[in-house]
Amino acid sequence: MKRALVILSILTLVVLGSLAFADSVTLNVASSSPASTQTLKLRTETWTQYAPYFPQPPVIDGKINLSDEWYLSPRYYLGLPVDVGYQPENWEGQEKQSAVYYLGWDQNYFYMAMEVNATPVVQMAVGSNMWQGDHIELWFDTQMQEDFDLKQPNKAIFQIGISPGNFDFIKPEIYVWTPPVLASEVAKCKLAVVQTPTGYNFEVAIPWKLLNVDPQPGMLMGFVVSPSFTNKPNTLSQDVMISSSPKSPNNWGNPQFFGNLFLIDPLNKF
């Protein structure tokens, strides 16, 4: 199977993590043709994240196995004051409202695992209204280079919600706000949530077909991870949101405020 050849400097940056806050806006990438190169534009003043290729898919059971399943992923942490993107006056601190997450991919799915500090876990809504309770929002810009100057969503920009439920009468679920996606396609996602003493853990597998993406090593997409919290039990409210792109929550759907996501293949197993 052919794959893009990412130049050595990119792989070095993956190891060092020196693109966590990108200053540069272009990278040169060698294509499958020796005579051609591609210049990739990056978002600045935001995170650049990496999802490694998984030769063996993780078991989606909510039990985050770092030694055997998620060991290739960097550890991403959200829980500093600078990470609070929406209503920072309501943030209750990293012990009560923070998250650690891991990323991965293979030919069929985009994978994510997250440990969420959320005390208490509050969710009284379902479907399109899950934003009024504890949930995670993911944004993907699957055509980032074409959309680089865009300032509003289009059919290549996806907003996906992940709700833990409330471990009582509301079940965990995934919802796609934009663009319109058939419920039968969303049902092909895999989600498992486990309650913990300090909140909840989840693992999710999102089919690339839902995102209309043919994944390849070296692919670059726009990407945002935003955990959202409701502070008071038995209420419908969005009180605070932390984010890998803190300017994104107040600029709904504007890809100018997304981060960068590279699909990488550190073991050359693709």
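I will try to describe carefully the structure that is included in this document. If you're wondering where the values come from, they're calculated on a predicted model, not measured in any experiment.

Calculation criteria
Residues numbered from 1 in each chain as written. Predicted model: local features only at pLDDT ≥ 70, side-chain atom pairs only at ≥ 80, totals over all residues. Heavy atoms only, no water. Helix = DSSP H or I, 4+ residues; strand = E, 2+ residues; numbered from the N terminus. Buried < 20%, exposed > 50% of the residue type's maximum accessible area, 1.4 Å probe, protein only. Contact = heavy atoms within 4.5 Å. Areas by Shrake-Rupley, 256 points an atom, 1.4 Å probe, with all protein chains shown as cover. Phe/Tyr/Trp six-rings, centres within 6.5 Å; stacked < 30°, edge-to-face > 60°. Pairing = 2+ DSSP bridges.

### Quick look at the overall build of the chain
Step number 1: What the chain contains, in helices and strands, is 3 helices and 15 strands.
Step number 2: When burial is assessed residue by residue, the chain has 52% of its 270 residues classed as buried.
Step number 3: At a minimum sequence separation of 6, the contacts of the chain that also span at least 24 residues come to 67%.
Step number 4: Counting every atom, the chain has about 12,400 Å² of accessible surface; 53% of that belongs to carbon and sulfur.

### Remarks on the packing of aromatic side chains
Step number 1: Counted under the stated rule, the structure contains 16 aromatic pairs.
Step number 2: Ring centres 5.1 Å apart and planes at 90 degrees place the aromatic pair phenylalanine 110 and phenylalanine 140 in the edge-to-face group. One end of the pair, phenylalanine 110, is in strand β7 (residues 109–118); the other, phenylalanine 140, is in strand β8 (residues 135–141), and 30 residues separate them in sequence.
Step number 3: Among the residues examined, phenylalanine 140 registers a relative accessible area of 0% and is labelled buried.
Step number 4: Judged by centre distance (5.3 Å) and plane angle (80 degrees), the rings of tryptophan 139 and tryptophan 252 are edge-to-face.

### Some words on the pairing of strand β12 (residues 199–207)
Looking along a regular strand, one sees side chains alternate from face to face of the sheet.
Step number 1: Where burial is concerned, most of β12 is hidden: 9 out of the 9 residues are buried.
Step number 2: In this sheet, β12 lies alongside β7 in antiparallel orientation, the contact comprising 9 bridges. Of the residues in β12, the one forming a bridge with alanine 113 is glutamate 203.
Step number 3: Note that strand β11 (residues 190–196) and β12 share 7 bridges and pair antiparallel. Each bridged residue has a counterpart across the sheet, and for glutamine 195 the counterpart in β12 is tyrosine 200.
Step number 4: The loop that links β11 with its antiparallel partner β12 comprises 2 residues.

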